[in-house]
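# Observations on chain architecture
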Amino acid sequence: VQLVESGGGLVQPGESLKLSCAASGFTFSRYNMKWYRQAPGKEREMVALITPTGGSTNYADSVKGRFTISRDNAKNTVSLQMNSLKPEDTAVYYCHAHHILLGVYWGQGTQVTVSS
C-alpha cells in the first residue's frame, strides 16, 4: 500500500498550490479520502474529506471557501487545490485513506510553506 503526496512547496501569501496524492495497493474507490495537516508544535488536524464516489465533501472551518478536495477514481488520485494561502496554512500535509472495515493508510507528507 502506498500514498504518495506531491505538489508542496514555498509560496507567498495569497498564492495557490495544488497537492496531489497517488494511491496504490488497495481499492481506492472504496475509501474515504482526507487531507490532514500538522504545523510545528500543533496537533494534526483534518483539512478536507471526500467520500468514495466524490459525492460529498467536508472542510475545516479554517479552509472553507479557499480549499477544494477532489478525486479521480480512474487514476487513483486525490487532490487538494489551495487558494488564497495564508501563513497559518504552513504545515506538513498528509494524505489519508479510511475505510471503516478495511483500514487506514497514511502518506509520508509534503511540506507547504506560506511566507513572504
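Residues numbered from 1 in each chain as written. Predicted model: local features only at pLDDT ≥ 70, side-chain atom pairs only at ≥ 80, totals over all residues. Heavy atoms only, no water.

### Re the overall build of the chain
For the chain, the count of helices and strands is 0 helices and 11 strands. Starting at the N terminus and ending at the C terminus, the chain contains elements arranged as β-β-β-β-β-β-β-β-β-β-β. For 116 residues, the compact-globule formula gives about 13 Å, and the C-alpha radius of gyration of the chain, at 13 Å, lands near that figure. The C-alpha extent of the chain, read off along each of the three principal axes, is 40 × 25 × 25 Å. In the chain, buried positions account for 40% of the 116 residues. Long-range contacts, defined as pairs at least 24 residues apart, comprise 52% of the intrachain contacts of the chain with a sequence gap of at least 6. As presented, the chain carries roughly 6,000 Å² of accessible surface, and 48% of it is formed by carbon and sulfur atoms. If you average the places of the 11 positive and of the 8 negative side-chain charges in the chain, the two averages end up 6 Å apart. (Helix = DSSP H or I, 4+ residues; strand = E, 2+ residues; numbered from the N terminus. Rg over C-alpha atoms; globule rule 2.2 N^0.38 Å. Buried < 20%, exposed > 50% of the residue type's maximum accessible area, 1.4 Å probe, protein only. Contact = heavy atoms within 4.5 Å. Areas by Shrake-Rupley, 256 points an atom, 1.4 Å probe, with all protein chains shown as cover. Lys, Arg positive; Asp, Glu negative; His and termini not counted. Charge placed at Lys NZ, Arg CZ, Asp CG, Glu CD.)

### Quick word on the nonpolar core
The tendency in soluble globular proteins is for nonpolar side chains to be buried as a group. Ranked by internal contacts, the top residues of the largest apolar core, which has 30 residues, are M33, W35, V78, L80, M82 and Y93. Elements with a minimum of two residues in this core: β3 (17-24), β4 (32-38), β5 (45-50), β7 (67-72), β8 (77-82), β9 (91-99) and β11 (110-114). Setting aside residues no more than four positions away along its own chain, M82 makes contact with E15, S16, L17, L19, R66, F67, Y93 and V112. (Core = buried A, V, L, I, M, F, W, Y, C linked by side-chain atoms within 4.5 Å.)

### Structural notes on the pairing of β8
As paired elements, β3 and β8 share 6 bridges and run antiparallel to each other. Note on β8: the bridge partner recorded for K18 is Q81. The pairing of β7 with β8 spans 6 bridges and is antiparallel. The residue of β8 that forms the bridge with D72 is T77. Linking two consecutive strands that pair antiparallel, namely β7 and β8, is a turn of 4 residues; a positive phi of about 55° is found at N76 within it. (Pairing = 2+ DSSP bridges.)

### Things to note about the sheet that holds β3
Read across the open sheet, the 4 strands follow the order β1-β3-β8-β7; overall the sheet is antiparallel. Of all strands in the sheet, those bounded by a partner on one side alone are β1 (2-6) and β7. For this sheet, the mean angle separating the axes of adjacent strands, direction not counted, is 15°. (Axes fitted to C-alpha atoms, helices over the stretch in contact; angles between N-to-C directions.)

### Examining the packing of aromatic side chains
Counted according to the given criterion, the structure contains 6 aromatic pairs. Ring geometry for F26 against Y105: centres 5.0 Å apart, planes inclined by 40°, an arrangement best described as tilted. Taken together, the residues span a long stretch of sequence, with F26 in the loop between β3 and β4 and Y105 in strand β10 (residues 103-106) at a distance of 79 residues. A relative accessible area of 12% means that F26 is categorised as buried. Given a relative accessible area of 23%, Y105 falls into the partly exposed group. Ring geometry for Y31 against Y105: centres 5.8 Å apart, planes inclined by 35°, an arrangement best described as tilted. (Phe/Tyr/Trp six-rings, centres within 6.5 Å; stacked < 30°, edge-to-face > 60°.)

Note that all results are geometric; they support no functional claim without further evidence.
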